[in-house]
Amino acid sequence: MNNPTESTTQPIETRRPYTHIAKAVVIGDAAVGKTSLLVRYVKGIFNPTYILTIGVAFHVKDILLGEHVLRLQLWDTGGQERFGPIRQLYYRGTKGVLLVYDRANRESFDRAAYWLKEVQRGCGDVPVVLVANKADLKALVKPKEGEEFAGERGMGFVETSAKTDMNTDLAFSILASRIIENMG
Ligand code: G3D
Ligand code: MG
């Protein structure tokens, strides 16, 4: 199996052995930018491992958090956002979730509640970070709406643009910190 973390493009400080390992998933409506965010985050090391049977890809990234190194296994849907039963496999063993909507598409925000419910059914009570992507486009969903929705449900919130690379690292770092906190 190809391990992207062995790439020489990895920052030197992450070459330490990992102390924690966790699976995280990226969810949300089709076309909100889930794959784009992941590709930005893993930067030059777009080298996903595909699990063909269930049509997902995952990336591996080591994150330095204080004295911890968290190895995140980040799962991306293979575009099967609409097929419920397959998603239960997708969620199994998940320790954290990025729930993405497109802030230029209100419908994708309206469906965030549905996604959250599904996450809770599939993963239990795990940290979730709400991500308002496409911040380079005009906001049809105001930042305040996303922030309130997240705040009321104990989720983190961040606005990103995978296009301009605004806050993409921040979104994953917030998630990583919450996962570590939760793991104790
Ligand atoms: P998905 O994985 O959630 O289905 P993708 O979404 O990452 O495939 O992105 C869907 C489309 O949105 C792509 O456009 C992609 O380039 C675009 N996109 C993703 N993130 C951003 C962003 O932050 N800003 C803007 N303006 N566009 C974004 P195409 O045209 O390739 O379908
Ligand atoms: Mg995708």
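Residues numbered from 1 in each chain as written. Chains lettered and ligands numbered in written order. Predicted model: local features only at pLDDT ≥ 70, side-chain atom pairs only at ≥ 80, totals over all residues. Heavy atoms only, no water.

A. Main features of the overall build of the protein. Regarding its fold elements, the protein presents 6 helices and 7 strands. The secondary structure elements of the protein, listed N-terminal to C-terminal, are β-α-β-β-β-α-β-α-α-β-α-β-α. The burial tally for the protein puts 49% of its 184 residues in the buried class. Within the protein, contacts between residues separated by at least 24 positions form 74% of all contacts whose residues are at least 6 apart in sequence. When the accessible surface of the protein is summed, it comes to about 9000 Å², and 54% of that surface belongs to carbon and sulfur atoms. (Helix = DSSP H or I, 4+ residues; strand = E, 2+ residues; numbered from the N terminus. Buried < 20%, exposed > 50% of the residue type's maximum accessible area, 1.4 Å probe, protein only. Contact = heavy atoms within 4.5 Å. Areas by Shrake-Rupley, 256 points an atom, 1.4 Å probe, with all protein chains shown as cover.)

B. Seen up close, the site of ligand 1. Taken together, 16 residues lie near ligand 1, and A31, K34, S36, D136 and A162 sit nearest. At 2.8 Å from an oxygen atom of ligand 1 is found a main-chain nitrogen or oxygen belonging to A31. Separating an oxygen atom of ligand 1 from a backbone N or O atom of K163 is a distance of 3.2 Å. Against a free-state accessible area of 650 Å², the protein chains account for coverage of 61% of ligand 1. Residue contributions to the shell around ligand 1 peak at 3 residues, all from helix 1 (residues 34-42). Of the residues in the shell around ligand 1, the class split is 5 nonpolar, 5 polar and 6 charged. (Near = heavy atom within 4 Å. Polar contact = N/O pair within 3.5 Å; in protein donor to acceptor, adjacent residues only side chain to side chain. Nonpolar A, V, L, I, M, F, W, Y, C, P; charged D, E, K, R; others polar.)

C. Fine view of the packing of aromatic side chains. With the rule as written, the count across this model stands at 7 aromatic pairs. Judged by centre distance (5.8 Å) and plane angle (15 degrees), the rings of F58 and W75 are stacked. With F58 in strand 3 (residues 56-65) and W75 in strand 4 (residues 68-77), the pair connects residues that are 17 residues apart, well separated along the chain. The class of W75 is buried, set by a relative accessible area of 10%. Among the aromatic residues, those joined into a cluster by ring pairs are F58, W75, Y90 and Y91. (Phe/Tyr/Trp six-rings, centres within 6.5 Å; stacked < 30°, edge-to-face > 60°.)

D. Just the pattern of salt bridges, in detail. Counted by the stated rule, this structure contains 7 salt bridges. Between R111 and D29 there is a salt bridge; the shortest N-O distance is 2.7 Å. On the criterion of sequence distance, the pair formed by R111 in the loop between helix 3 (106-110) and helix 4 (112-123) and D29 in the loop between strand 1 (20-27) and helix 1 is long-range, its members being 82 residues apart. Judged by its relative accessible area of 29%, R111 falls in the partly exposed class. (Salt bridge = Lys/Arg side-chain N within 4 Å of Asp/Glu carboxyl O.)

E. Examining the side chain of T168 more closely. Considering the arrangement of structural elements, one finds T168 in helix 6 (residues 168-183). If we ignore the near neighbours within four places in the chain, the residues touching T168 are L37, R40, Y41, T160, S161 and A162.

F. Structural view of unusual backbone geometry. Positive phi, normally seen in glycine, also occurs at A31, with a value near 75 degrees. The topology assignment puts A31 in the loop between strand 1 and helix 1. Positive phi outside glycine occurs at K134, with the angle close to 70 degrees. Considering the arrangement of structural elements, one finds K134 in the loop between strand 6 (128-133) and helix 5 (143-152). Take K134: its relative accessible area is 23%, and that puts it in the partly exposed class.

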